[in-house]
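Fold and geometry: a report
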Amino acid sequence: MNGRKAKERRRALRVRNEQLLANARQETPRLVSALPDMELWQRGRFTFYLPTCHDDLPDELKQAVTTHRTATLEGACPSCELTTLVSEAGLVVTRHEQVCPAHPDRLVELGARLGVEVNRRE
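Described in the following lines is the structure provided in the data block. (Residues numbered from 1 in each chain as written. Predicted model: local features only at pLDDT ≥ 70, side-chain atom pairs only at ≥ 80, totals over all residues. Heavy atoms only, no water.)

Brief notes about the environment of Pro-51
Residue position: Pro-51 is located in strand S3 (residues 46-51). Sequence separation between Pro-51 and Glu-39 is 12 residues, and the spatial gap between their C-alpha atoms is 6.2 Å. Residues within four places of Pro-51 in sequence aside, it is in contact with Asp-37, Met-38, Val-65, His-68 and Arg-69. (Helix = DSSP H or I, 4+ residues; strand = E, 2+ residues; numbered from the N terminus. Contact = heavy atoms within 4.5 Å.)

Overview of the sheet that holds strand S1 (residues 30-34)
Strands sit in the order S1-S2-S3 across an open sheet of three strands; the sheet is antiparallel. Only two strands of the sheet have a single partner each, and these edge strands are S1 and S3. Averaged over all pairs of adjacent strands, the angle between their axes in this sheet comes to 30°, without regard to strand direction. With four bridges connecting them, S1 and strand S2 (residues 38-43) associate as antiparallel partners. (Pairing = 2+ DSSP bridges. Axes fitted to C-alpha atoms, helices over the stretch in contact; angles between N-to-C directions.)

Some points on the state of the cysteines
Enumeration according to the criterion identifies zero disulfides in this entry. The cysteine Cys-80 is free of any disulfide, with Cys-100 supplying the nearest cysteine sulfur at 3.6 Å. (Disulfide = S-S within 2.5 Å.)

As structure tokens, then:
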């Protein structure tokens with residue numbers, strides 16, 4: 001396969017996956033599994049790993065984690081211009097702006113400031 005055909009194939013897969021994600025966002029999210037600090041949610045054919053939002057978290061951190069969770073599932077963030085990418089393999093990657101309180105680095109910093117350990121998953 002030459003470079004041009006490979007590029008067209010990757011673009012077609014990306015477009016197909018983005019359309020599948022748009023269709024999946026029309027479905028109701030469903031909790032599949034819950035661990036102490038992560039939850040597994042299904043929406044259409046896509047699976048999302050989300051941090052658990054415990055009731056005992058400080059309000060500021062709870063709000064940031066809730067924003068992060070909602071943005072990941074819904075594809076829109078109230079605090080920034082969220083970027084959502086879908087890989088050829090169908091992996092959904094959401095990226096908050098660096099200054100957004102729901103950005104994973106900001107969650108870790110906020111947790112450190114408030115004395116709460118926040119684990120960041122890549």
